[in-house]
Amino acid sequence: VQLQASGGGLVQAGGSLRLSCVAPRTIFSVFIQYDMGWYRQAPGNQRELVAVIKASGSTEYADSVKGRFTISRNNSRKTVSLQMNSLKSDDTAVYYCTAKRGQEQEWGQGTQVTVSS
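A short tour of the structure in this document, coming up. On a predicted model such as this, the values are computed, not experimentally measured, just so you know.

### Here we look at the nonpolar core
Ranked by internal contacts, the top residues of the largest apolar core, which has 30 residues, are Met-36, Trp-38, Leu-82, Met-84 and Tyr-95. Elements with a contribution of two residues or more to this core: β3 (17–22), β4 (35–41), β5 (48–53), β7 (69–74), β8 (79–84), β9 (93–101) and β11 (111–116). Per-element accounting of this core gives the leading share, four residues, to β9.

### Some points on the state of the cysteines
Summed over all chains, the structure comprises one disulfide. Disulfide pairing is shown between Cys-21 and Cys-97; the S-S distance is 2.2 Å. Disulfide Cys-21-Cys-97: the torsion about the S-S bond is -85°, which places it as left-handed. Of the two residues, Cys-21 sits in strand β3 while Cys-97 sits in strand β9, which places them 76 residues apart along the sequence. Using a relative accessible area of 0% as the deciding quantity, one classes Cys-21 as buried.

### Here's the deal with the sheet that holds β7
In space, the four strands of this open sheet follow the order β1-β3-β8-β7, with antiparallel pairing throughout. Strands at the two margins of the open sheet, each flanked by one partner only, are β1 (4–6) and β7. Averaged over all pairs of adjacent strands, the angle between strand axes in this sheet comes to 15°, irrespective of strand direction.

### Comments concerning the pairing of strand β10 (residues 104–107)
Both faces of the sheet carry side chains from a regular strand, because those side chains alternate between them. Where β9 meets β10, four bridges bridge the pair, whose relative direction is antiparallel. In the sheet register, Ala-99 faces β10, and the bridge partner there is Glu-106. Between β9 and β10, which pair antiparallel one after the other, the connecting turn spans two residues, and Gly-102 there sits at a positive phi close to 60°.

### Some points on the pattern of salt bridges
The final tally for this structure, using the stated rule, is six salt bridges. Here Arg-40 makes a salt bridge to Asp-91, at a shortest N to O gap of 2.9 Å. Of the two residues, Arg-40 sits in strand β4 while Asp-91 sits in the loop between β8 and β9, which places them 51 residues apart along the sequence. With its nearest N and O atoms 3.2 Å apart, the salt bridge here joins Glu-60 to Lys-54. Residues joined by salt bridges that share partners form a network here, namely Arg-40, Glu-48, Arg-68 and Asp-91.

Criteria and cut-off values
- Residues numbered from 1 in each chain as written.
- Predicted model: local features only at pLDDT ≥ 70, side-chain atom pairs only at ≥ 80, totals over all residues.
- Heavy atoms only, no water.
- Core = buried A, V, L, I, M, F, W, Y, C linked by side-chain atoms within 4.5 Å.
- Buried < 20%, exposed > 50% of the residue type's maximum accessible area, 1.4 Å probe, protein only.
- Helix = DSSP H or I, 4+ residues; strand = E, 2+ residues; numbered from the N terminus.
- Disulfide = S-S within 2.5 Å.
- Pairing = 2+ DSSP bridges.
- Axes fitted to C-alpha atoms, helices over the stretch in contact; angles between N-to-C directions.
- Salt bridge = Lys/Arg side-chain N within 4 Å of Asp/Glu carboxyl O.

Below, the structure written as C-alpha cells:
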C-alpha cells in the first residue's frame, strides 16, 4: 500500500505550492473511512504533523501553519491536497502523505518542498 504524492518543488518565500496525494487502489472502496494527513520532516528534525482531515471532514493544523495551509479531500477522486500559501524558509522539508484507519497507517514516498529566502 503506497500513496502517491506530488506537487513539491522550489518556491520563493511568500509563494504558494499545492501538494496532492492519491490513495492506492487497494483502499479505494474504503477511502472514506480513512483520516488523511500530511507530515513533514526537515533535515535533522523529527517528522511532524502538518495537517489532518478526518473521515468526518474535520481538520487539524500545526500551529506553525494555521492560517497559511489548507487541507482538503476529494472522496470521489480518492485524493487529499494541501494548499500552502505564504511559504517561509522554515517550511522547507520533505512532505509525506499519510492515510490512517484505526491502528493501520500508510505512508507515501514524500515530496520535497524547498522555500528560498
